[in-house]
Amino acid sequence: PIDIDGNTSSKGTLERYATAIASVSYMANDDWAGTLSYTDQTLIGSPINTSLGRGAVLQIQRRWGR
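Residues numbered from 1 in each chain as written. Predicted model: local features only at pLDDT ≥ 70, side-chain atom pairs only at ≥ 80, totals over all residues. Heavy atoms only, no water.

I keep staring at the overall build of the protein chain and nothing clicks. Help me out?
Summing up its helical and strand segments, the protein chain has zero helices and three strands in all. Moving toward the C terminus, one meets the helices and strands of the protein chain in the order β-β-β. In terms of overall dimensions, the protein chain is more spread out than a globule: its C-alpha atoms have a radius of gyration of 20 Å, far above the 11 Å expected for 66 residues. Along the first, second and third principal axes, the C-alpha set of the protein chain runs to 60 × 30 × 10 Å. Within the protein chain, buried positions represent 5% of all 66 residues. For the protein chain, the share of sequence-separated contacts (at least 6 apart) that also reach a separation of at least 24 residues comes to 36%. As presented, the protein chain carries roughly 5,800 Å² of accessible surface, and 52% of it is formed by carbon and sulfur atoms. (Helix = DSSP H or I, 4+ residues; strand = E, 2+ residues; numbered from the N terminus. Rg over C-alpha atoms; globule rule 2.2 N^0.38 Å. Buried < 20%, exposed > 50% of the residue type's maximum accessible area, 1.4 Å probe, protein only. Contact = heavy atoms within 4.5 Å. Areas by Shrake-Rupley, 256 points an atom, 1.4 Å probe, with all protein chains shown as cover.)

As structure tokens, this is what we get:
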């Protein structure tokens, strides 16, 4: 944490969290590929003073012309 003194004082607070990430990729052929990723901050450790989240991302890629 960081303490700031001046016109406005702010006491910092300690934050602790861990993020687990799992990804899988697949290449269907020379033109199409995709990746699915999942992130989760609720699985590991003992969080302190923070909001935790989960998320998923699907990424699709296509190659155009050669």
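There's more to say after this.
Before we go on, may I ask you to explain the side chain of Q41 in this structure?
As for its position among the elements, Q41 is in the loop between strand 2 (32-40) and strand 3 (54-62). Look at Q41 and you get buried, because its relative accessible area is 18%. Excluding anything up to four places from it in sequence, Q41 contacts Y17, A18, T19, S51, L52 and G53.

Help me out: how do you make sense of the side chain of D40 in this one?
The residue D40 is located in strand 2 in this model. Among the polar contacts made by the side chain of D40, one reaches the side chain of Y38 at a distance of 2.8 Å. One polar contact links D40 to R54, side chain to side chain, over a distance of 3.3 Å. Once residues within four sequence positions are removed from consideration, D40 is found in contact with A18, T19, A20, G53 and R54. (Polar contact = N/O pair within 3.5 Å; in protein donor to acceptor, adjacent residues only side chain to side chain.)

Any chance you could explain a nonpolar patch on the surface here in plain terms?
On the surface, a nonpolar cluster with roughly 530 Å² of combined accessible area is contributed by V24, W32, L36, L58 and I60. Listing elements by their share of the nonpolar patch, those giving two or more residues are strand 2 and strand 3. Here V24 is to be found in strand 1 (residues 20-27). (Patch = residues over 30% accessible without salt bridge, like charges linked within 9 Å, V, L, I, M, F, W, Y side chains within 5 Å. Salt bridge = Lys/Arg side-chain N within 4 Å of Asp/Glu carboxyl O.)

Just checking my understanding: could you explain the environment of S10 for this structure?
Within the fold, S10 resides in the segment before strand 1. When its relative accessible area of 34% is taken as the criterion, S10 is described as partly exposed. Leaving out residues up to four positions away in the same chain, S10 has contacts with I2, D3 and I4.

In this structure, what is going on with the packing of aromatic side chains? I would like to understand it.
To describe a pair of aromatic rings, you give the distance between the ring centres and the angle between the ring planes. Scanning the entire structure with this criterion turns up zero aromatic pairs. Against the face of W64 rests R62, its NZ or CZ located 4.0 Å from the ring centre. (Phe/Tyr/Trp six-rings, centres within 6.5 Å; stacked < 30°, edge-to-face > 60°. Lys NZ or Arg CZ within 6 Å of the ring centre and 35° of its normal.)

So yeah, pure geometry; function would need other evidence.
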